[in-house]
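Coordinates in review
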Amino acid sequence: MRWTATLAIPVIVAAGLAATASSPAPSVAENVPVPAAATLTAPATAVGLVPAEPASPITFRTPGEPSDPALERPPAVPAGAVPSVFGEGPAAIPELVYYAYRAAEMQMAVDNPECGMPWHLLAALGRLASQHADGGRTDILGTLTTPVVAPTGALGPMLLPAAVWEQHRADGNADGNADAQNVFDATLAASAWMCADGARLREPDREARAVALFNGSPEFLATVREWSATYAKGAEVAESALAPAPARPLPAASDIAAPAPQSAPGDPAAVDETGEPRDGVPAPAVPPLPELPELPPIPCLVPAFCE
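Remember, predicted model here, so these are calculated numbers, not experimental data.

The subject of this paragraph is the overall build of the chain. Along the backbone of the chain there are 7 helices and 2 strands. Shown N-terminal to C-terminal, the secondary structure of the chain runs as helices and strands in the order β-α-α-α-α-β-α-α-α. Burial statistics for the chain: of 307 residues in total, 43% are counted as buried. Within the chain, contacts between residues at least 6 apart in sequence are counted, and of these 72% link residues at least 24 apart.

As structure tokens, then:
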């Protein structure tokens, strides 16, 4: 079965490339203190792409392997603080990888809306599989600079089994090529795999079955859920920080009391029909008109009409 992105992917990919074009190289800062909610930043300040060549060869373990350090829990968060999914810190996600997760969520909302695929679940799996594509070490289209093939035969940044990739291969960045080493393609293929056979990820039991496709241990499921919740909450706080302050509601017309009428001096409304003061307002004093001077007689200019 071949999945092809047709609607949301080009838009999200373009946004991701524009946002990362001028970003500095990312670093996976595992020991940086988690920022408080007041210091959360938006995706525009997130970590960007790294140099084309990684500093050392990349080695991945299968998620759930006992010695796998990726199975660590999300960092403990002080009361009132929420880790950010965008800035530096243990919960950081490189920008382009973040856009790959969001693009897969949007495409699955079109291809299989009943599944309810959330981006933060993909982010949790991507972190445990490859530390978000080795901390974002990809080219500008999202392809890993060093291809990954795990000892078990799993491929790419989502560590998909080879048979699964062949069944659900996808072109997640709409570049005309389906590549298991591309974070957009691999994330969309992983989404299709998890959403197959009528999966409903909004239901906890079915979500657990979908996560078990990657690793069936209870420890792995618990860790995935904790990271997923961490990313979802961090995004919620960051987005609320960008939202404009709500406008104060205007009072209804019925709530505004009309001012009592005030009569200015000389206002005819201050007296009634008889000229008496109205409502205690004294009638204005109207000065008498001046007497007109007596006009001289007009001489008769037409004798026929003169008396």
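Picking up after the structure, the text goes on.
Time to look at the packing of helix α3 (residues 119-136) against helix α5 (residues 183-194). Interhelical geometry of α3 versus α5 gives an angle of 110° and a closest axis separation of 11 Å. On the basis of their axis angle, the class for α3 and α5 is roughly perpendicular. Seen along the crossing, α3 lies across α5 with a hand that is right-handed. In this structure, α3 uses Leu 121, Leu 122 and Leu 125 to contact α5, whose residues at the interface are Thr 187, Ser 191 and Met 194.

What the rule picks out here adds up to 1 disulfide. At a sulfur-sulfur separation of 1.9 Å, the disulfide partner of Cys 115 is Cys 195. Torsion about the S-S bond of the Cys 115 and Cys 195 cystine: about -75°, corresponding to left-handed handedness. With a gap of 80 residues between them, Cys 115 in the loop between α2 (95-111) and α3 and Cys 195 in the loop between α5 and α6 (204-212) connect regions that are remote in the sequence. Cys 195 shares its class with Cys 115; the two are buried.

Taken residue by residue, α6 has Glu 207, Ala 210 and Val 211 as its buried positions. Projection of α6 onto a plane perpendicular to its axis shows the buried side chains occupying an angular sector of 100°, all on one side. Facing away from the buried side of α6 by over 90 degrees, the exposed positions are Asp 205 and Arg 209.

Okay, unusual backbone geometry next. Backbone geometry at Gln 131 places phi at a positive 55°, although glycine is not the residue there. Mapped onto the fold, Gln 131 is located in helix α3. Of note, Ala 133 is a non-glycine position whose phi angle comes to about 55°, a positive value. Relative to the helices and strands, Ala 133 resides in helix α3.

Attention now moves to the confidence of the model for the chain. Averaged over every residue, the pLDDT of the chain is 73; residues scoring 70 or more account for 52%. Low pLDDT (under 50) marks residues 21-67, which in the prediction has 107 contacts with non-local residues, meaning those over four places away or in another chain.

Evaluation of the coordinates by the stated rule reveals 4 aromatic pairs. Pairing Tyr 98 with Trp 119 gives two aromatic rings, centres 5.3 Å apart and planes at 85°, and the pair type is edge-to-face. With Tyr 98 in helix α2 and Trp 119 in helix α3, this pair connects stretches of sequence that are 21 residues apart. For the residue pair Tyr 98 and Trp 119, the accessibility class agrees, reading buried in each case. The rings of Tyr 98, Tyr 99 and Trp 119 are connected pair by pair, giving a single aromatic cluster.

Turning our attention to the packing of α2 against α5. Running from N to C, α2 and α5 cross one another at 40°; their axes reach a closest spacing of 9 Å. Taken as a pair, α2 and α5 cross one another with a handedness that is right-handed. Packed against α2, whose contacting residues are Leu 96, Val 97, Tyr 99, Ala 100, Tyr 101, Ala 103, Ala 104, Gln 107 and Met 108, the element α5 presents Val 183, Phe 184, Thr 187, Leu 188, Ser 191 and Ala 192 at the interface. Of the residues contributing to the contact of α2 with α5, the split by class is 12 nonpolar, 3 polar and no charged.

The end-to-end C-alpha separation of α5 is 16 Å, in line with the 16 Å expected for 12 residues at 1.5 Å each. Along α5, the positions that sit buried rather than exposed are Val 183, Phe 184, Asp 185, Ala 186, Thr 187, Leu 188, Ala 189, Ala 190, Ser 191, Ala 192, Trp 193 and Met 194. Its side-chain oxygen 2.8 Å from the backbone nitrogen of Phe 184, Asn 182 forms the N-cap of α5.

Rules used throughout
- Residues numbered from 1 in each chain as written.
- Predicted model: local features only at pLDDT ≥ 70, side-chain atom pairs only at ≥ 80, totals over all residues.
- Heavy atoms only, no water.
- Helix = DSSP H or I, 4+ residues; strand = E, 2+ residues; numbered from the N terminus.
- Buried < 20%, exposed > 50% of the residue type's maximum accessible area, 1.4 Å probe, protein only.
- Contact = heavy atoms within 4.5 Å.
- Axes fitted to C-alpha atoms, helices over the stretch in contact; angles between N-to-C directions.
- Parallel < 35°, antiparallel > 145°, perpendicular 65-115°, else oblique.
- Left-handed = near helix turned anticlockwise from the far one by under 90°.
- Disulfide = S-S within 2.5 Å.
- Arc of directions from axis to C-beta.
- pLDDT = per-residue confidence, 0-100.
- Phe/Tyr/Trp six-rings, centres within 6.5 Å; stacked < 30°, edge-to-face > 60°.
- Nonpolar A, V, L, I, M, F, W, Y, C, P; charged D, E, K, R; others polar.
- Expected span 1.5 Å × (residues − 1).
- Polar contact = N/O pair within 3.5 Å; in protein donor to acceptor, adjacent residues only side chain to side chain.

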